[in-house]
Amino acid sequence: MRRFSSVLLALLMVLLSGGAYAKTYKIGVLVPLTGPSAEKGIPLKNAAELFVEQFNAAPESEGNRLELVVRDDFDDPDKARAAAAEMVKDESLLAVVGHYYPGVALATGKIFADAKIPFLSPNVSSPAAFADNKWAFTLNMPDSVQGAFLAVYIKEVLKKDNILVIYNTDPFGSSLRDAFVAKAERLGLKVLKTLPVEVGPVAKDWAATNLPDATENQNFGIIATLTHSESGLSFLPQLRDAGIKAPVMAPNTWSNPKFLTELDEKYTANVYLASAFLWEIANQKASAFANAYTKRFGARPSVAAAMSFDAVNLIAKAIGAAEKGAPTRASIRDYVAGIEWHGFVEGVTGNLFYKNGRDMTAEYVGKYLQAKGETAPPPATGSAVVQASYRDVYVSVMKDGRFKTAPVQLLIPHEEYVLKEMGERIAKGQVTLVDGTPYHIVDVISVGVDVIRINDVSIKDMQWDVDVFMWFKWSGGRLDVKDIEKISAINAVKETSAIFKEDLTHGTKYRAYRKRLTLTAPYDLSNFPFDSQTLPLEIAHTNKNSTHVMLVPDTRHMETVPVKDIKPQEWTYTGRSVFSDLYRYDSTFGDPDYRMGTGYKSPVYFSTVNLEIGIKRILKPYLFTFFLPLLIILGIILIILWVPLDQFAPRINATISGLIGVLVYHMSQKNSFPKVGYTMSADYYFLVAYAFVVSMIFNIIFIQTLQSAGQKDVAKLWNKRLSIGAMIAAIVIYAAMTIFAMSVA
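Description of the overall build of the protein chain
(1) Moving on: Helix and strand content of the protein chain: 23 helices and 25 strands.
(2) Moving on: Projected onto the principal axes, the alpha-carbon positions of the protein chain cover approximately 115 × 65 × 55 Å.
(3) Moving on: Out of the 745 residues in the protein chain, the part that is buried amounts to 51%.
(4) Moving on: Contacts in the protein chain between residues at least 24 apart in sequence constitute 74% of all its contacts with a sequence separation of at least 6.
(5) Moving on: With the model as given, the accessible surface of the protein chain reaches about 33500 Å², and the carbon-plus-sulfur share is 57%.
(6) Moving on: Taking the average location of the 77 positive side-chain charges in the protein chain and that of its 74 negative ones, the two points are 5 Å from each other.

And the structure:
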């Protein structure tokens with residue numbers, strides 16, 4: 001009912017204040033829709049369409065609408081140029097989202113820049129495609145960033161050297177190669193051999209032709225494969241069959257699920273890849289997007305599709321932020337370029353921002369090195385200016401049929417209090433300084449939860465009680481069981497726990513608990529008794545924030561069968577979702593370092609794994625415990641209308657007694673619920689009953705007035721009309737209310 005009220009209120013506001021002025025805003029989409037690259041571009045279009053559908057249907061849009069102008073770039077520079085030239089002729093077009101590959105972005109960049117149209121690419125990462133173009137943005141990480149990071153991870157985490165570099169000869173592969181080789185040289189890594197490869201599948205004898213020396217092949221400590229997935233899918237098996245078993249470090253393009261579905265695990269073993277986003281650590285927004293996309297289009301979205309959804313989201317935010325509701329191409333560009341870290345837009349692929357105004361990294365690195373008697377390394381040169389979203393780079397490994405989050409992540413700190421404590425954190429092994437850039441060394445813990453039974457869904461106390469198996473898996477020597485013991489449910493009111501099983505002898509350690517948890521739950525009772533509820537379980541480390549540990553769900557081993565044992569037995573299971581997220585306490589914990597300036601507090605986030613169980617109230621018992629008593633009271637009042645008209649006192653007294661009965665019954669029902677600041681569906685049933693009984697009182701008085709005036713025949717006629725009309729009105733109104741409530745449940 002509250003949803004219904006919100007819709008009515010939104011419609012009223014549109015009609016009274018802005019409906020006549022609601023506008024449609026055009027956003028272009030230019031991606032490959034035909035040809036070999038269509039399988040890459042169509043998901044980008046689909047994601048953009050999904051965002052527009054959700055935006056246009058939301059009350060928050062206030063009647064304003066987004067409209068997509070979709071064009072095919074054919075992944076062909078000449079055809080893309082022609083499509084872009086046609087698009088910019090539309091002066092109502094505010095921004096464009098598009099391109100999957102850098103070649104077409106290079107072709108259209110000047111066209112959009114000359115027309116002063118903001119261009120946001122979900123996937124293109126080549127610096128050359130965005131070089132010094134203030135109208136072009138990428139939501140991906142630039143190749144220069146990714147290429148350098150791959151070298152850092154190889155040195156600091158994998159501890160490997162003697163590198164074989166394989167790269168595509170297109171702008172993507174070449175820019176990755178340049179950044180990787182330059183960073184490797186600065187870090188003291190040795191590149192033994194560099195092999196170019198054309199874009200697309202390689203010849204079946206490619207490895208035998210290019211790597212014929214078996215003795216030389218055994219000298220490679222690691223392989224950096226700076227290619228698109230199509231090339232990797234064809235040469236990776238050849239490398240393994242040739243006896244080259246060294247680990248492989250790959251870029252984000254290798255997140256192609258075909259590596260998991262088309263190649264044997266003997267080929268994908270020990271393959272690491274970097275990405276700006278991992279589905280395994282997807283937040284709630286990302287999980288909701290993935291589910292909606294799958295339902296709408298019948299397939300799971302790609303990472304690039306998620307970034308396309310975020311690109312349209314940024315444009316929509318810019319439109320909404322325009323002064324006086326009059327967005328322009330320039331205002332959209334300025335909005336996107338000006339998004340600061342502390343005012344980020346939360347997207348499905350993470351926190352989006354393009355301006356890091358409080359970044360004092362160079363200053364604190366200089367102070368730290370100066371204190372050690374060293375000088376800061378010179379900044380890298382030759383990089384084009386790219387307006388890219390600031391992103392952490394995450395590393396996953398192909399394992400167990402999925403892209404599994406690697407046990408150690410390197411994340412760049414932004415918080416001033418971390419930079420201030422850099423020396424102390426480096427000494428403790430929490431931060432490493434690599435070529436002038438600090439990185440958090442973050443340990444990954446896999447968390448799994450299986451529900452045994454739900455002991456109590458307590459609406460009155462806003463809590464739920466559950467028995468679960470909860471387990472943790474971790475690797476390496478940086479974490480021990482004391483860290484695991486400090487991971488708990490942050491929304492727990494009460495917790496009892498016992499170790500169920502453990503194995504601490506292998507490289508991947510494991511501990512499982514059996515727990516009974518009493519947890520808080522923000523129930524929404526606005527649609528009671530037609531309501532569905534979500535039972536949340538939020539798991540986090542009690543004192544190590546996201547700069548120290550990252551929790552990821554162990555979905556591969558978690559049970560997915562319905563929970564059948566739910567108490568009280570008035571609920572049925574509807575589903576569950578598991579996702580990662582970041583939880584922020586609105587507190588400094590009394591630590592003065594978190595407040596580094598007036599009006600500013602460093603955000604402190606804790607990594608969480610969240611389990612949400614969906615349940616729906618079984619309506620059948622309420623037919624007898626809620627609806628039937630109310631209907632009996634109203635039925636008695638209706639029967640009173642058939643009492644002889646000359647019996648005024650019994651008629652009016654019985655009706656007033658009925659009103660009191662409804663009131664008492666209503667209050668008794670309310671006492672079984674917590675105090676909430678909104679009206680429930682059940683309240684509307686009582687409000688209608690109040691209106692019905694009061695109208696009956698007025699009807700009886702009206703009939704009595706006619707009776708006293710000697711108009712007995714008229715009184716009988718009206719009494720009959722009112723009796724039948726009241727019965728019909730009660731049936732129609734309650735039926736309509738019930739049908740609507742069940743439709744939105």
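Considering empty space enclosed by the protein
(1) Moving on: Within the structure shown, the criterion is met by 4 cavities of 30 Å³ or more.
(2) Moving on: Reported here for the largest cavity is a volume of approximately 70 Å³.
(3) Moving on: Around the largest cavity, the lining residues are Ala105, Thr108, Gly109, Phe112, Ala113, Ile117, Phe119, Ala129, Phe130, Asn133, Trp135 and Ala136.
(4) Moving on: Here the element with the most residues in the lining of the largest cavity is helix α4 (residues 102–114); it accounts for 5 residues.
(5) Moving on: Here the second largest cavity defines a volume of roughly 60 Å³.
(6) Moving on: Looking at the second largest cavity, the residues that line it are Tyr100, Tyr101, Pro102, Asn123, Val124, Ser125, Asn140, Phe172, His228, Asn252 and Thr253.
(7) Moving on: In the lining of the second largest cavity, the residues fall into 5 nonpolar, 6 polar and no charged.

Observations regarding the sheet that holds strand β24 (residues 571–584)
(1) Moving on: The strand order across the open sheet built from 4 strands is β19-β22-β25-β24, with neighbouring strands paired in antiparallel fashion. With one partner strand each, in any of the chains shown, β19 (487–489) and β24 form the two edges of the open sheet. Taken pair by pair, the neighbouring strands of this sheet meet at an average axis angle of 20 degrees, ignoring direction.
(2) Moving on: The pairing of β24 with strand β25 (residues 605–617) spans 13 bridges and is antiparallel. Paired with Tyr583 across the two strands is Phe606, which belongs to β25.

Regarding the layout of surface pockets
If a probe as big as a water molecule is rolled over the atoms, it shows which places are left empty.
(1) Moving on: Reported here for the second largest pocket is a volume of approximately 1400 Å³.
(2) Moving on: The wall of the second largest pocket is formed by 46 residues, among which Trp279, Arg300, Pro301, Val303 and Phe403 lie closest to the centre.
(3) Moving on: Of all the secondary structure elements, the ones that give two or more residues to the lining of the second largest pocket are α2 (38–57), α11 (258–261), β10 (271–275), α13 (284–297), α14 (303–321), β14 (402–405) and β24.
(4) Moving on: Considering every element that reaches the lining of the second largest pocket, the biggest residue donor is β24, with 5 residues.
(5) Moving on: Taken together, the residues that form the lining of the second largest pocket break down as 20 nonpolar, 16 polar and 10 charged.

Observations regarding the pattern of salt bridges
(1) Moving on: Here the structure, examined in full by the defined rule, presents 33 salt bridges.
(2) Moving on: The salt bridge partner of Glu363 is Lys367, with a shortest N-O separation of 3.2 Å. Residue Glu363 and its partner Lys367 are located together in helix α16 (residues 361–371), separated by 4 residues, close to a single helical turn.
(3) Moving on: Residue classification places Glu363 among the partly exposed positions, given a relative accessible area of 41%.
(4) Moving on: One salt bridge in this structure joins Lys428 and Glu424, with 3.1 Å as the shortest N-O distance.

With respect to the packing of α2 against α14
(1) Moving on: Put simply, α2 and α14 touch, their axes get as near as 8 Å, and they point 40 degrees apart. Classed by the angle they form, the pair α2 and α14 counts as oblique. Our pair here, α2 against α14, has a crossing hand that is right-handed. Between α2 and α14, the contacting residues are Pro43, Leu44, Ala47, Ala48, Leu50, Phe51, Val52, Gln54 and Phe55 on the first element and Ala304, Ala305, Ser308, Phe309, Val312, Asn313 and Ala316 on the second.
(2) Moving on: Counted by class, the contact of α2 with α14 contains 13 nonpolar, 3 polar and no charged residues.

Section: the environment of Val104
(1) Moving on: Along the chain, the position of Val104 falls in helix α4.
(2) Moving on: A residue is classified by how much of its surface remains accessible, and Val104, at 1% relative accessible area, is buried.
(3) Moving on: For the pair Val104 and Asp78, spaced 26 residues apart in sequence, the C-alpha to C-alpha distance is 8.1 Å.

Here's the deal with the pairing of β25
Remark: a regular strand shows side chains that alternate across the two faces of the sheet.
(1) Moving on: Counting buried positions over the 13 residues of β25 gives 12, a clear majority of the element.
(2) Moving on: Strand direction decides the pairing type here: strand β22 (residues 532–541) and β25, joined by 9 bridges, are antiparallel. By the bridge assignment, Thr534 is partnered in β25 with Gly614.

Describing the sheet that holds strand β5 (residues 136–138)
Sheet strands pair by backbone hydrogen bonding; their relative direction is either parallel or antiparallel.
(1) Moving on: Strands sit in the order β2-β1-β3-β4-β5 across an open sheet of 5 strands; the sheet is parallel. Of all the strands in the sheet, the pair left with one neighbour each is β2 (65–72) and β5. Neighbour-to-neighbour, the strand axes of this sheet turn through a mean angle of 25 degrees, independent of strand direction.
(2) Moving on: The pairing of strand β1 (residues 24–31) with strand β3 (residues 93–98) spans 5 bridges and is parallel. What sits directly across from Ile27, in β3, is Ala95.

Here's the deal with the packing of aromatic side chains
(1) Moving on: The final tally for this structure, using the stated rule, is 31 aromatic pairs.
(2) Moving on: Between Phe289 and Tyr293, the aromatic rings sit 5.8 Å apart at their centres with planes inclined by 55 degrees, giving tilted as the arrangement. Here Tyr293 and Phe289 lie together in helix α13, a separation of 4 residues that amounts to about one turn.
(3) Moving on: Accessibility expressed as a relative area gives 3% for Phe289, which makes it buried.
(4) Moving on: Ring geometry for Phe528 versus Tyr622: centroids 5.5 Å apart, planes at 90 degrees, classification edge-to-face. Of this pair, Phe528 sits in the loop between β21 (508–520) and β22 while Tyr622 is found in helix α20 (residues 620–640), placing the two residues 94 residues apart along the sequence. Across the pair, Tyr622 and Phe528 agree in class, each one buried.
(5) Moving on: Joined through ring pairs, the aromatic side chains of Phe528, Phe530, Tyr622, Phe626, Phe627, Tyr665, Phe673, Tyr685, Phe686 and Tyr734 make up one cluster.
(6) Moving on: Geometry around Phe74 places Lys79 over its ring, the cationic atom sitting 4.8 Å from the centre.

Reading guide: rules and limits
- Residues numbered from 1 in each chain as written.
- Predicted model: local features only at pLDDT ≥ 70, side-chain atom pairs only at ≥ 80, totals over all residues.
- Heavy atoms only, no water.
- Helix = DSSP H or I, 4+ residues; strand = E, 2+ residues; numbered from the N terminus.
- Buried < 20%, exposed > 50% of the residue type's maximum accessible area, 1.4 Å probe, protein only.
- Contact = heavy atoms within 4.5 Å.
- Areas by Shrake-Rupley, 256 points an atom, 1.4 Å probe, with all protein chains shown as cover.
- Lys, Arg positive; Asp, Glu negative; His and termini not counted.
- Charge placed at Lys NZ, Arg CZ, Asp CG, Glu CD.
- 1 Å grid on protein atoms, 1.4 Å probe; cavity = no way out; pocket = protein on both sides within 12 Å on 5 of 7 lines; lining within 4 Å.
- Points joined across faces, edges and corners; volume = space filled by probe spheres on them.
- Nonpolar A, V, L, I, M, F, W, Y, C, P; charged D, E, K, R; others polar.
- Pairing = 2+ DSSP bridges.
- Axes fitted to C-alpha atoms, helices over the stretch in contact; angles between N-to-C directions.
- Salt bridge = Lys/Arg side-chain N within 4 Å of Asp/Glu carboxyl O.
- Parallel < 35°, antiparallel > 145°, perpendicular 65-115°, else oblique.
- Left-handed = near helix turned anticlockwise from the far one by under 90°.
- Phe/Tyr/Trp six-rings, centres within 6.5 Å; stacked < 30°, edge-to-face > 60°.
- Lys NZ or Arg CZ within 6 Å of the ring centre and 35° of its normal.

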